[in-house]
Amino acid sequence: MAINSVGLDASVYGDYTTTADVVKDKTSLSNDDFMTLLLVELQNQDPTQPTDTEQILTQTSQLATLEATDKTNKALEDLATTLAASSDFGAISAIGKTADLGSNAITYTDGETTSFEMYFPSDVASGNVEILDVNGNVIKTISAQTGDAGIYTYTWDGTDTAGNAVDEGMYYATASYTTAAGEDLTTRVGTYPIESVRFDAGETYVKVGSGYVPLSTVVEIY
C-alpha cells in the first residue's frame with residue numbers, strides 16, 4: 001500500500017490531476033505555434049488558388065523575427081541575472097571597508113536621552129566629542145572614551161554646556177582626539193566599517209555599527 005507524506009493511503013487520499021491542471025497557456029503564440037499554423041495553411045490551401053509566394057515569404061520572415069525576438073528576450077533576462085549577481089558580489093567585496101552615510105546628524109527628542117555611535121579608526125588616548133547645533137556652534141562637549149580603535153556608544157541628555165535643556169530637533173556629532181602616538185585626528189557620526197552584507201527581498205543591506213542600513217543610503221565606500 002502506498003502511503004502519502006502525511007501517512008494516509010495514497011490510493012484513497014493521494015493527489016489527482018485533472019485536465020484543468022495540465023492546460024497550457026495559449027494566450028500568446030510561440031515560434032513553434034507560428035510554424036504549425038503556417039504548415040497547416042499550406043496543407044489546406046486550394047490547389048487552384050495556391051498561396052502567393054510573396055505571402056509565404058512574408059510569413060516566413062515574421063517567423064524568423066519572432067524567433068529572434070524570443071532569443072533577444074532570453075539574452076536580456078540572462079544579462080539582468082548576471083548584473084544582479086555582479087552587484088551582490090560587489091557589495092560583498094565592500095566588507096572591511098568604511099561606509100560614509102553622508103551625514104553626522106543625530107536627533108534629540110524633548111525629555112529623552114539620545115544615544116549615538118561613533119567610529120574611531122585609531123586608538124584614543126584623549127579627546128572630546130562635540131555636539132553642534134544647525135549653525136555649527138558647539139553646545140555640548142563630552143569626554144571621549146579612551147581605548148583601542150573601534151565603535152563607541154555615547155549618550156546625550158539634551159542639555160548644553162551650562163546645563164540648560166535645548167530644543168528638540170536635529171543636531172550634529174563630531175570628535176577630535178589624540179592617539180597614543182600623539183597624532184591628532186578627527187571623526188564623526190556617520191562613518192563606520194562595513195562588517196557584513198545581508199540580502200533581503202531584493203534589497204542589499206550592510207551592517208554599520210550595531211545595525212543594518214540599505215546599501216542605497218551609503219554615499220561613499222572607501
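Residues numbered from 1 in each chain as written. Predicted model: local features only at pLDDT ≥ 70, side-chain atom pairs only at ≥ 80, totals over all residues. Heavy atoms only, no water.

Details of the pairing of strand S4 (residues 126-132)
For clarity, the cut-off: Any two strands with at least two DSSP-identified bridges between them are counted as paired. Under the DSSP-based scheme used, a helix requires at least four consecutive residues in state H or I and a strand at least two consecutive residues in state E, with every element numbered from the N terminus.
Where S4 meets strand S7 (residues 169-178), seven bridges bridge the pair, whose relative direction is antiparallel. Within S7, the residue paired with Ile-131 across the bridge is Ala-173. Taken together, the five bridges between S4 and strand S5 (residues 138-143) define a ladder with antiparallel strand orientation. In the strand pairing of S5, Leu-132 is matched with Val-138. If you look at the hairpin formed by S4 and S5, you'll find five residues sitting between the two strands, and Gly-136 has a positive phi there, around 85°.

Focus: the side chain of Asp-160
To be explicit about the condition: Each residue gets one of three labels from its accessible area relative to the maximum for its type: buried under 20%, exposed over 50%, partly exposed in between, using a 1.4 Å probe on protein chains only. Neither His nor the chain ends is counted toward charge; the positive residues are Lys and Arg and the negative residues Asp and Glu. Here, a salt bridge means any side-chain nitrogen of Lys or Arg that lies within 4 Å of a carboxyl oxygen of Asp or Glu. Polar contacts, as counted here, are pairs of nitrogen or oxygen atoms within 3.5 Å of one another; within protein the pair requires one atom able to donate a hydrogen and one able to accept it, and residues that are adjacent in sequence qualify only if both atoms are side-chain atoms. Note on contacts: a residue pair is in contact if any heavy atoms of the two residues lie within 4.5 Å.
Within the element layout of this structure, Asp-160 appears in the loop between strand S6 (150-156) and S7. Buried charged residue Asp-160 carries no salt bridge. Nearest counter-charge: Lys-140, at 6.6 Å. Polar contacts involving the side chain of Asp-160 include one to the main-chain amide nitrogen of Ala-162, which spans 3.0 Å. When neighbours within four sequence positions are excluded, Asp-160 is seen to be in contact with Ile-139, Lys-140 and Val-166.

Observations concerning the pattern of salt bridges
Following the criterion strictly, the structure yields two salt bridges and no others. Taking the shortest distance from any N to any O, the salt bridge between Lys-207 and Glu-195 comes out at 3.9 Å. Of this pair, Lys-207 sits in strand S10 (residues 203-208) while Glu-195 sits in strand S9 (residues 191-200); the two residues are twelve residues apart in sequence, bridging distant segments of the chain. When its relative accessible area of 25% is taken as the criterion, Lys-207 is described as partly exposed.

Notes on the nonpolar core
For the record, the criterion: We define a nonpolar core as any set of buried Ala, Val, Leu, Ile, Met, Phe, Trp, Tyr and Cys residues linked to one another through side-chain atoms lying within 4.5 Å.
Grouped together as the largest cluster of nonpolar side chains are 31 residues, with contacts concentrated most on Phe-116, Met-118, Phe-120, Val-129, Tyr-154 and Trp-156. Secondary structure elements with two or more residues in this core: strand S2 (105-108), strand S3 (114-120), S4, S5, S6, S7, S9 and S10. Beyond its immediate stretch of four places on either side in the chain, Val-129 contacts Phe-116, Met-118, Phe-120, Lys-140, Thr-141, Ile-142, Ala-144, Tyr-154, Thr-174 and Ala-175.

Quick notes on the confidence of the model for the protein chain
Do not read the fine detail of predicted coordinates wherever pLDDT is low. The condition is simple: For every residue, the pLDDT score states the predictor's confidence, bounded by 0 at the bottom and 100 at the top.
Of the residues in the protein chain, 70% have a pLDDT of 70 or more, and the chain-wide mean is 82. Residue range residues 1-20 is modelled with pLDDT below 50. Its contacts to residues more than four positions away, or to other chains, number 14 contacts.

As for the sheet that holds S10
The five strands lie next to each other as S11-S10-S9-S1-S12, forming an open sheet whose pairing is antiparallel. Of all the strands in the sheet, just strand S11 (211-214) and strand S12 (220-221) have a single pairing partner and so form its edges.

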